Amino acid sequence: MTLGAKCNHFNNDHVVSEYAEVTARDRSPPGLMARLSFSCLLPASWHFSVSLFSLGVSLRQCLLFLACFLLVFLAMLHMEHWRSGHRAGQHDKYLSIVETMEATDVANPSLNFGVVVDCGSSGSRVFVYYWPPHNGNPHSLLDIRQMRDHSRTPVVKKIKPGISTLALTPDKASDYLQPLLSFAAGHIPRKKHKETPLYILCTAGMRMLPERKDHSWHCFPAHKFSLSQQEAILEDLITDVPVAFDFLFSSSHAEVISGKQEGEDAVVKVSPGTQNQQPISRKRTVGIIDMGGASLQIAYEVPSAITFTSPEQEEAAKSLLAEFNLGCDVEHTQHVYRVYVTTFLGFGGNMARQRYEDLLVNSSYSRSRLTGDQTGMSVSTPYPEPCLPVGLTDSVHRGGQTVFLRGHGDWLKCQEVVRPFLEESNNNISLAGVYQAPIDFHNSEFYGFSEFYYCTEDLLRIGGLYDSTKYTRAATDYCATKWSILKQRFKSSLYAPQADLSRLKYQCFKSAWMYEVLHSGFKFPKDYTNLKTAQLVYDKEVQWTLGAILFKTRFLPLRDLQQEAFRPSHSSWLRFSFVYNHYLFFACILVVLLAIFLYILRLRRIHQRELRQAETLDLLWVEEGEPLTG
């Protein structure tokens, strides 16, 4: 049955005619087939017709279909969100690495800065670091990065010689560091100086100064005559540095650090030091071996409890095992680390060579006395030296004595003559008879820096993943090469740019020393495959100074968290608003769709009611005998 209705509306010269036509069955079966259309009879050029609703299924089927569609839609969105989050995580990790290689935005007012001066045995270096505000997570450390200038070069400067050379003139210590501190100050915005911590940390060179009071300093305040050489140098720094620079600097920021302080995606189980606490699982840390000119350091985490064989051994281990918390307060045990760390003075590459040459002089002197030469001033017969390249002639001067050397380039023999300098004994004792905590070589990873990298890379060009067999072959070949050939290769720039004649001369000795330290001293297996020699990690120079500033600033996140607690509470609402909650957003979409669907159902009921009323009118008109129109 068809019902037609026309309604005319006049408005000035415009005539709008609306026409609604609905075609339906007299009775709607369960599988309803209905069509609603709206037409507007405007002027001919304006005529259009729009279909709004077409339904060919039952209400129950429609609701079921809509629910299934929404569930599939939400599942697909959730999966896409997870994939995009995973990709975003990888992308953010990549961006983080790239960002650390970019020039530091010193104009960013939210950045914080820190300065560390490493006063070593052969020279001093200043490092400038920066970090953004703490992220608010109490389990996270500061994201400290090395500062880079406008040319993307790390902000580092080195001067020579070491600060320990000022032992007799400690009043010049602040003048000695002035170029380094001025360099750092020039890279940090001046308005940030007062809040930039400065740490002056002295290592092996200062530790080797005699612990005695020296009265030979001239023109020095009388009250400082009672100080040791170390204390006098530090006193000068503490007094004069704050006068010339506005950095955040106090007496506790300048010190001669102990060997324990200088040292530091597999999973390990960590046994906390406190009792009645369950072991926790976390990512495996890496161990560090660093050989400088005067000293040698090793540091690695000891995740499990240690069993000692004797009270003496336990007592000796106490000074070498450091347990510290890098979290922002003592309650966060997730960042508690038990680390074995020690420094061996005199075991650096240069000092080991010096001790070895002392032995050669003493041996030659004793030999000359046995042969009847009572002068003891010179030994003219060249001493066969297995740790120098073949054909190299050299001389050693000690206390008025001179010993002449001629290189034989025998690397295996060189290993034999340097091994006694390690002074090791059994499996629990490493170099110089010092206790060594056990290393899980099956689940560990180590990095070798400084001399470990130079020995493998500068001349042998095999830096990176360490292979003892490959290293032995390369070192043997180098030692057996004639000195004239080595110099010719050096002149032809066939070695690393940082290699010099001193490296060329003592490479044979230092390569044997490094090998013996690693395998005879620290007991690393010769088939160990998780040692990497490196100078840069992710294009960043790894220095103990980065660990030092991380340790020194470990309480700064707590300060940021406390400041966060005093901010207006509405800021937390922003973080949890529906804009960032896609589940609430999908729920809103579902509510809107259901509302639309219910509205359409309501229109359908209205249409059915009007249809029944029209049928009733038709019957009345038929009974009265009036013809139907339209």
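Placed above this text is the structure.
Now for a look at the structure at hand. (Residues numbered from 1 in each chain as written. Predicted model: local features only at pLDDT ≥ 70, side-chain atom pairs only at ≥ 80, totals over all residues. Heavy atoms only, no water.)

Secondary structure assignment for the protein yields 16 helices and 24 strands. In the protein, buried positions account for 40% of the 630 residues. A total accessible area of about 36100 Å² is found for the protein, and carbon and sulfur atoms account for 58% of it. (Helix = DSSP H or I, 4+ residues; strand = E, 2+ residues; numbered from the N terminus. Buried < 20%, exposed > 50% of the residue type's maximum accessible area, 1.4 Å probe, protein only. Areas by Shrake-Rupley, 256 points an atom, 1.4 Å probe, with all protein chains shown as cover.)

In this structure the tally under the stated criterion is 16 salt bridges. Among the salt bridges present, the one from K532 reaches E445, with a minimum N-O distance of 2.9 Å. Highlighted residues: K532 in strand β22 (residues 531–533) and E445 in the loop between α8 (411–418) and β20 (446–450), separated in sequence by 87 residues. A relative accessible area of 27% means that K532 is categorised as partly exposed. Residue E457 is joined to R461 by a salt bridge in which the shortest nitrogen-to-oxygen separation is 3.1 Å. Assessed through its relative accessible area of 14%, E457 is described here as buried. One salt-bridge network, in which partners are shared between bridges, spans R353, E357, D358, E385 and R398. (Salt bridge = Lys/Arg side-chain N within 4 Å of Asp/Glu carboxyl O.)

We now examine the state of the cysteines. Tallied over the entire structure, the rule returns two disulfides. The side chain of C387 participates in a disulfide bridge whose partner is C414; the two sulfur atoms lie 2.0 Å from each other. Looking down the S-S bond of the C387 and C414 bridge, the torsion is 110 degrees, so its handedness is right-handed. Of this pair, C387 sits in the loop between β17 (378–385) and β18 (393–398) while C414 sits in helix α8, and the two are 27 residues apart along the sequence. Note on accessibility: C387 and C414 belong to one class, buried. Residue pairing for C479: its cysteine sulfur links by disulfide to C508, the two sulfurs lying 2.0 Å apart. The disulfide joining C479 to C508 has a torsion of about 115 degrees about its S-S bond and is therefore right-handed. Here C508 lies in helix α12 (residues 501–521) and C479 lies in helix α10 (residues 468–479), a separation of 29 residues in the sequence. Grouping residues by exposure puts C479 and C508 together as buried. Counting its disulfide-bonded cysteines in sequence order, the protein shows a connectivity of 1-2, 3-4. Cysteine C202 shares no disulfide, and the gap to the nearest cysteine sulfur, in C119, comes to 4.0 Å. (Disulfide = S-S within 2.5 Å.)

To continue, consider the packing of helix α2 (residues 173–187) against helix α4 (residues 229–244). At their nearest, the axes of α2 and α4 sit 9 Å apart, and the two run at 55 degrees to each other. One finds that α2 runs oblique with respect to α4. The two elements α2 and α4 meet at a crossing, and its hand is right-handed. Side by side, α2 and α4 meet where A173, S174, L177 and L181 of the first sit next to I233, D236, L237, D240 and V241 of the second. Split by residue class, the contact of α2 with α4 holds six nonpolar, one polar and two charged. (Axes fitted to C-alpha atoms, helices over the stretch in contact; angles between N-to-C directions. Parallel < 35°, antiparallel > 145°, perpendicular 65-115°, else oblique. Left-handed = near helix turned anticlockwise from the far one by under 90°. Contact = heavy atoms within 4.5 Å. Nonpolar A, V, L, I, M, F, W, Y, C, P; charged D, E, K, R; others polar.)

Moving on, we come to a nonpolar patch on the surface. Together, I589, V592, L593 and I596 give the surface a local cluster of nonpolar side chains, amounting to about 300 Å² of exposed area. One can find I589 in helix α16 (residues 582–623). (Patch = residues over 30% accessible without salt bridge, like charges linked within 9 Å, V, L, I, M, F, W, Y side chains within 5 Å.)

With that settled, the discussion passes to the sheet that holds strand β21 (residues 464–465). The seven strands lie next to each other as β15-β16-β14-β13-β20-β22-β21, forming an open sheet whose pairing is mixed. Single-partner strands in this sheet number two, and they are β15 (321–325) and β21. Bridge count for β20 against β22 is three bridges, and the pairing is parallel. Bridge pairing in β22 links G448 to T533. The sheet strands contacting α12 are β13 (287–291), β14 (295–301) and β22, and the helix crosses β13 at an angle near 145 degrees. (Pairing = 2+ DSSP bridges.)

A word on the pairing of strand β5 (residues 112–119). For β5, the buried fraction is high: eight of the eight residues fall into the buried class. Burial along β5 is two-sided: N112, G114, V116 and D118 facing one way and F113, V115, V117 and C119 facing the other are all buried. Relative to strand β6 (residues 124–131), β5 is paired through eight bridges, and the arrangement is antiparallel. Paired with F113 across the bridge in β6 is Y130. Linking β5 back to β6 in an antiparallel pair, the connection comprises four residues. As defined by bridge partners, β5 adjoins strand β9 (residues 198–202) across five bridges and the pair is classed as parallel.

Most of β14 sits out of view: seven of its seven residues are buried. Of the two faces of β14, the one lined by S295, Q297, A299 and E301 and the one lined by L296, I298 and Y300 are each fully buried. Judged from the four bridges that link them, β13 and β14 form a sheet pairing that is antiparallel. Note on β14: the bridge partner recorded for I289 is I298. Where β13 hands over to β14, the hairpin turn is made up of three residues, counted between the paired strands. Note: β14 against strand β16 (residues 336–345), seven bridges, orientation antiparallel.

On to the side chain of D118. Tracing the chain through its elements places D118 in strand β5. Despite its burial, D118 pairs with no opposite charge, the nearest such side chain being R125 at 4.9 Å. Setting aside its immediate chain neighbours within four residues, D118 contacts G123, S124, R125, F127, L201, T203, W544 and T545. (Lys, Arg positive; Asp, Glu negative; His and termini not counted.)

Right, let's talk about helix α13 (residues 544–552) for a bit. Every buried residue of α13 is accounted for by W544, T545, A548 and I549. For α13, the angular spread of buried residues about the axis comes to 135 degrees, placing them on one side. (Arc of directions from axis to C-beta.)

This brings us to unusual backbone geometry. Geometrically, the link from K160 to P161 is a cis peptide bond, its omega value of -5 degrees lying close to zero. Along the chain, P161 turns up in the loop between β8 (156–159) and α2. One non-glycine residue with positive phi stands out, namely R152, at about 65 degrees. Position of R152 relative to the elements: it lies in the loop between β7 (145–146) and β8. Even without glycine at this site, A432 takes up a positive phi of about 55 degrees. Looking at the secondary structure, you find A432 in the loop between α8 and β20.

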